[in-house]
Amino acid sequence: MMKRVLGAALLAIFLAPARAQEDLNDDIRKLLDEGVTLYKKGLDKQILDKKDEAGEFFKQAYSKFEQALNKIDTIPPDKRQMSSNLIYAFMERHLWEDQHELYADELGPDLAQKSPYRGQNANMHCCEAMIAALEATGEPQYLNRALRIAHRLTVVLASRTQGLLWEHYSADWQHDFDYNRHDLANKLRPWGYQPGHMAEWAKLLLAIHRHEPHDWLLPRAQELFDHAMRLGYDREHDGLYYCVAPDGTVCNDAKYSWVQAETIAAAAYLADAMHQGL
């Protein structure tokens, strides 16, 4: 079972009614509490434009979240399902925008104000979380939501950029091609197309396909994987670059481990889906 869960969804446990915490044992609650504290510190540093410090807090937070998730099997199945339903309900109420079929990125402390920024990255991980919730509970609502997010981003919005996935959008989900244009070293929200995210989406589409095949999932996954390789692959030194400008030039030549890992996973999923073996 996939165990990566969006940080915002974990934060929702602490913002949901207090009874939700009754489903968590003390060790898990402590790890999540520590992770939330670190995550909030990262957000504070991000607001102050201290990217390196923010990134360090985020890494520590996700380490705590991962430790908590490794203990998730200690929660009885009925209570695990209750917790996932509470998180889903919180996100449904405060972050889901039905007219766009996607989630907003950020909420203010009062849970009323939304940031005007919209991004594909948060929704990609929401889709990933929905697949994980489906595999943990078997509830069809998570599969349905994963499908809606996936189709909206990888088909509808990508159709406006020749099948490629742009990262940044306005509050009404119009492509924002200027966001962070002059901050090419930004690690959290970089400008340009990200081949690694296209490969990651190929993997997620195929994960959905394993649960409920649809005619568009496999072909779209193949297209996204091909785009990732065509745009991002370094034919001299191997590996995929981080970001590529709309004109096809590399605008951030860093090579992050997660990009390579997601691409390898996507290739394995594709080979399996196409009955070519691994």
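Look a little higher up for the structure.
Heads up: these notes are all about the structure in this document. (Residues numbered from 1 in each chain as written. Predicted model: local features only at pLDDT ≥ 70, side-chain atom pairs only at ≥ 80, totals over all residues. Heavy atoms only, no water.)

Thoughts on the nonpolar core
Here is the rule: By nonpolar core we mean a set of buried residues, namely Ala, Val, Leu, Ile, Met, Phe, Trp, Tyr and Cys, connected to one another through side-chain atoms within 4.5 Å. Using a 1.4 Å probe on the protein chains alone, a residue whose accessible area is under 20% of its type maximum counts as buried, one over 50% counts as exposed, and one in between counts as partly exposed. The way it works is that DSSP assigns letters per residue, a run of H or I at least four long becomes a helix, a run of E at least two long becomes a strand, and they are numbered from the N terminus. Residues are treated as being in contact if the distance between any of their heavy atoms lies within 4.5 Å.
Counting 57 residues, the largest nonpolar core has Tyr103, Cys127, Ile149, Met198, Trp201 and Ile208 as its most contacted members. At nine residues, the largest contribution of residues to this core is made by helix H7 (residues 195–211). In contact with Ile149, not counting residues within four places along its chain, are Trp96, Glu101, Leu102, Tyr103, Asn123, Cys126, Cys127 and Trp201. Grouped together as the second largest cluster of nonpolar side chains are eleven residues, Ile28, Leu31, Leu32 and Phe65 included.

Focus on the packing of aromatic side chains
The following threshold applies: Pairing of aromatic rings covers Phe, Tyr and Trp, the last counted by its six-membered ring, and requires centre-to-centre distances within 6.5 Å; plane angles under 30 degrees mean stacked, over 60 mean edge-to-face, and any other angle means tilted. Charge-over-ring contacts are defined here by two conditions on Lys NZ or Arg CZ: a distance within 6 Å of the ring centre and an angle within 35 degrees of the ring normal.
In this structure the tally under the stated criterion is ten aromatic pairs. Aromatic pair Tyr117 and Tyr179: ring centres 4.7 Å apart, planes at 40°, arrangement tilted. Taken together, the residues Tyr117 in the loop between strand E2 (102–103) and strand E3 (118–119) and Tyr179 in the loop between strand E4 (168–169) and H7 connect sequence positions 62 residues apart. Considering the side-chain rings of Trp166 and Trp191, the 6.1 Å spacing of their centres and the 80° angle between planes classify their relative orientation as edge-to-face. Highlighted residues: Trp166 in the loop between helix H6 (140–157) and E4 and Trp191 in the loop between E4 and H7, separated in sequence by 25 residues. The burial state of Trp166 is the same as that of Trp191; both residues are buried. One aromatic cluster in this structure is built from Trp166, Phe177, Trp191 and Tyr193. The lysine or arginine in question, Arg189, covers the ring of Tyr117, its NZ or CZ lying 3.7 Å from the ring centre.

Function cannot be inferred from these measures alone, as they are strictly geometric.
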